[in-house]
Amino acid sequence: MNDDVRNIVLGVIAAGVSAGLGWLARTYLWRRRLRRKQAFFGLPDNSESLLVVNREAGGPELTVKRHDVFALLELAALIKDCHANAQVVAHDATQQGFGERTEFCVGGPGSNRRMAAHLDSLLPGVRVDLEAESGPDRTSFRIGGEVYRLERGRTEYVLLARLTVSQRRYARPVFLFCGQRAINNQAATRYLARNHERLARKHGGGSFVLLLKVVNSQAYGPDVVELVADVTRVAQTPLPTPEATSGTP
């Protein structure tokens, strides 16, 4: 074998080795990224999850609002990326405990009974005004001592929460998307899809509750979302009773 042939053979071998090492490195990084994503969502390979949705007002059939359907599609893509499976369940047909399977609960407490139960038991520092018939207080959020009112189409709010009682790597969390309007639920799911890596780095496997503001949805739809505050601590602290507030003995 002369020198030219030997150099060609060595070059081919070196290129093959480099390509193999590059493929191994990319595969390792892809798998590590996947495992981190699975851990954040509590969705190991072939695991089951629930998509809990509300019913359209006025009928017994499972008729979901258009923007809530878009929210479900955003979540379904995340679940598929984790190599997991999803089951869509109506809010009043879900009868399982907290943490048995990863749960994605979409919709406000006025139309989603499951969401109302989660807010009552897991986020006692949050109140959604469902009693006001009309006006600025309808569907307003009270979080601690602050009130966040709906300005339809201009300024709207949504809570995005990840709640878990376990610190295991693949703990089964509950994700809440509680908006003042259906388009806000979609905005929250899109925010989660875009920022889950950053949220995982910041919060790890723990719980968090974020208050998001959807800006000018009548012009921008669910795309322009601002983080108002991390309200985890205050949302998990029970609100004072009226008697305590008024100082009644």
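It should be noted that the structure appears before, not after, this text.
Residues numbered from 1 in each chain as written. Predicted model: local features only at pLDDT ≥ 70, side-chain atom pairs only at ≥ 80, totals over all residues. Heavy atoms only, no water.

Time to look at the overall build of the chain. Scanning the chain for helices and strands turns up seven helices and 10 strands. Within the chain, the fraction of its 249 residues that count as buried is 43%. For the chain, the share of sequence-separated contacts (at least 6 apart) that also reach a separation of at least 24 residues comes to 66%. Total accessible area computed for the chain in this model is approximately 13,500 Å², and 52% of it derives from carbon and sulfur atoms. (Helix = DSSP H or I, 4+ residues; strand = E, 2+ residues; numbered from the N terminus. Buried < 20%, exposed > 50% of the residue type's maximum accessible area, 1.4 Å probe, protein only. Contact = heavy atoms within 4.5 Å. Areas by Shrake-Rupley, 256 points an atom, 1.4 Å probe, with all protein chains shown as cover.)

Attention shifts here to the nonpolar core. F41, F104, L160, F177 and L192 are the most contacted members of the largest nonpolar core, which totals 28 residues. Elements with a contribution of two residues or more to this core: α1 (3-41), β1 (48-53), α2 (66-81), β3 (102-106), β7 (155-163), β8 (174-179), α4 (182-203) and β9 (208-215). Residues in contact with F41, not counting those within four places in the same chain, are L78, C82, T102, F104, P173, F175, L192 and H196. Listed in part, the 23 residues of the second largest apolar core include F141, L159, V174 and A235. (Core = buried A, V, L, I, M, F, W, Y, C linked by side-chain atoms within 4.5 Å.)

Turning next to the environment of N54. Position of N54 among the secondary structure elements: in the loop between β1 and α2. Considering only alpha carbons, one finds N54 and G107, 53 residues apart in sequence, at a separation of 6.2 Å. Within polar-contact distance, the side chain of N54 engages the side chain of S111 at 2.7 Å. (Polar contact = N/O pair within 3.5 Å; in protein donor to acceptor, adjacent residues only side chain to side chain.)

Under the counting rule described, the total for this entry stands at nine salt bridges. With its nearest N and O atoms 2.5 Å apart, the salt bridge here joins R33 to E197. With R33 in helix α1 and E197 in helix α4, this residue pair connects regions lying 164 residues apart in the sequence. The class of R33 is exposed, set by a relative accessible area of 56%. Linking R194 and D223 is a salt bridge whose minimum nitrogen-to-oxygen distance equals 3.7 Å. Here R194, found in helix α4, pairs with D223, found in the loop between α5 (217-220) and β10 (225-230); they are 29 residues apart in sequence, far enough to count as distant. Its relative accessible area of 56% is what places R194 among the exposed residues. (Salt bridge = Lys/Arg side-chain N within 4 Å of Asp/Glu carboxyl O.)

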